[in-house]
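Coordinate analysis (summary)
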Amino acid sequence: MNRPLDLGAPDQFRAERHLDVLIPTRNRPAELAVTLSGLAAQEGVPGFGVVVSDQSDGEPAYAHPAAATMVRALRHRGHPVLLTRRLPRRGLAEHRASLLAASAARYVLCLDDDVWLEPGTLRRLVTAMEELRCGFVGNAVHGLSYVDDVRPETHRHYEEWDGPPVPERIRPGTPEWHRASIHPAANLLHVTEKQNLPPGAWRAYKVSWIGGCVLYDRAKLLDAGGFDFWRRVQEKHQGEDVAAQLAVLARHGGAGILPSGAYHLESPTTVTEREVEAWEVVLAEEDARQPA
C-alpha cells in the first residue's frame, strides 16, 4: 500500500533558492511520474525545488504510486517539493501565474508535465543563463517518433547568437516568427546533429518562442508582466507561454540552447478546449497602445 504523501508547506517552500521547477499538471499520472524521474536524475544544480500544481478531474496525479515515489526520491536527494491543487480551473495562464507566485527562486524552470529531461540538462540550462544573462533560455522538446522524418527546409531558420542575446520585438508574419519551425517533430535534433558539437559544448540560438522547457530569470519574467494577463483572456485558451516569452524577449532577450535534453512524451493533450490564442489577445492590446 502506498503511504500518505506529505504535500509540503507553501510558506516553508517559498525560499530564496537558486532554482525552482514549476510543473502544471492535469489527468497525467504516468507522464508526471516520468517527468519527475528526469528531475530526480539531474546533477550539478544542488537543492533545486519543485512545485507540482494539479488540476486533475479526480485524484491528483501526484497521488499515483509512481509519481509519489519520484516525489520521495527528489526529497531524498535534497530537493524540496511542494504539491498543490489549483481548483477551480481558470485557464493555463492563471495556472502558471499561481505556480510562479509559489516561488522566490532566482531562476524558475517552466516544465510541462509530459517532458523527460536527460541527465545534465538542468546544469546546461543554468550555465547558459548565467553566461548569457538574458530573460530566458530554453530547450525545445524532441519528438523521437519523428527521428526519421527529416525536414531540411526548416533548418534554414536556425541562427546562432554571436554574443549575448539582445531584446527583440517579434510579431507574426516577420522572418523572426518563422524561427519556431525548427522546434516541431525532431527538427532540432537533426539541426543538432549537423553542428557536430564536442562533448560538453552548447550553443545559443535565436528563437521566437519555445514550448515545454523554459528557464526564466524570475525577476525579468516578473518585470515583463509574468502571466498576469490571465485576467484579460478567456479561460479556454492556449499560447500563454508564447505571450509571456514575447514580452520577455522584447525587454530582456532570450535564446534556445542546443543541444536540447528535453524529450516530449507524445501523449494526447489534456488541453482540448482552445478557443483563443492568449498571445494574440496580448499582442493586440499592446499594439493598440502604440502611437499611430
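Residues numbered from 1 in each chain as written. Predicted model: local features only at pLDDT ≥ 70, side-chain atom pairs only at ≥ 80, totals over all residues. Heavy atoms only, no water.

Take the UniProt feature "domain: Glycosyltransferase 2-like" (unreviewed entry) in the protein chain next. Under the local residue numbering, the UniProt record ascribes the feature "domain: Glycosyltransferase 2-like" (unreviewed entry) to residues 21-160. Annotation note: span residues 21-160, helix share 36%, strand share 19%, distance between end C-alpha atoms 26 Å. (UniProt positions renumbered as here; feature names shortened; annotations may be inferred. Helix = DSSP H or I, 4+ residues; strand = E, 2+ residues; numbered from the N terminus.)

Mapped onto the elements of the fold, Leu74 is located in helix H3 (residues 65-76). Taking the relative accessible area as the measure of exposure, Leu74 reaches 0% and is therefore buried. Sequence separation of Leu74 and Val214 is 140 residues, and the distance between their C-alpha atoms is 20 Å. Once residues lying within four places of it in the same chain are set aside, the contact partners of Leu74 are Leu36, Leu39, Ala40, Phe48, Val50, His79 and Val81. (Buried < 20%, exposed > 50% of the residue type's maximum accessible area, 1.4 Å probe, protein only. Contact = heavy atoms within 4.5 Å.)

So, on to the pattern of salt bridges. For the coordinates displayed, the defined rule picks out 15 salt bridges. Residue Arg28 is joined to Asp113 by a salt bridge in which the shortest nitrogen-to-oxygen separation is 2.8 Å. Here Arg28, found in the loop between strand E1 (19-25) and helix H2 (29-40), pairs with Asp113, found in the loop between strand E4 (107-111) and strand E5 (115-117); they are 85 residues apart in sequence, far enough to count as distant. The pair formed by Arg28 and Asp113 is uniform in burial state, with each residue classed as buried. In this structure, Arg96 engages Asp112 in a salt bridge whose closest nitrogen and oxygen atoms are separated by 2.9 Å. With Arg96 in helix H4 (residues 92-101) and Asp112 in the loop between E4 and E5, this pair connects stretches of sequence that are 16 residues apart. On the accessibility criterion, Arg96 (10% relative accessible area) is buried. Note on Asp112: relative accessible area 19%, which makes it buried. Overlapping salt bridges bring together Arg28, Asp113 and Asp114 as one network. (Salt bridge = Lys/Arg side-chain N within 4 Å of Asp/Glu carboxyl O.)

Before going further, it helps to examine the sheet that holds strand E7 (residues 203-205). What the 8 strands build is an open sheet, ordered E3-E2-E1-E4-E8-E6-E10-E7; its pairing is mixed. The sheet is open, and its two borders are formed by strand E3 (81-85) and E7, each paired with just one other strand. When the angles between neighbouring strand axes are averaged without regard to direction, this sheet yields 25°. Across 5 bridges, the pairing between strand E2 (residues 49-54) and E3 is parallel. Looking at the pairing, Asp54 lines up with Arg85 of E3. (Pairing = 2+ DSSP bridges. Axes fitted to C-alpha atoms, helices over the stretch in contact; angles between N-to-C directions.)

A few words on the layout of surface pockets. The space that makes up the largest pocket amounts to roughly 1300 Å³. Along the wall of the largest pocket there are 48 residues; nearest its centre are Asp112, Gln238, Thr269, Val271 and Arg274. Breaking the lining of the largest pocket down by element, the ones donating at least two residues are E1, H4, strand E9 (237-238) and helix H9 (240-252). Looking at the lining of the largest pocket, its residues break down into 15 nonpolar, 17 polar and 16 charged. (1 Å grid on protein atoms, 1.4 Å probe; cavity = no way out; pocket = protein on both sides within 12 Å on 5 of 7 lines; lining within 4 Å. Points joined across faces, edges and corners; volume = space filled by probe spheres on them. Nonpolar A, V, L, I, M, F, W, Y, C, P; charged D, E, K, R; others polar.)

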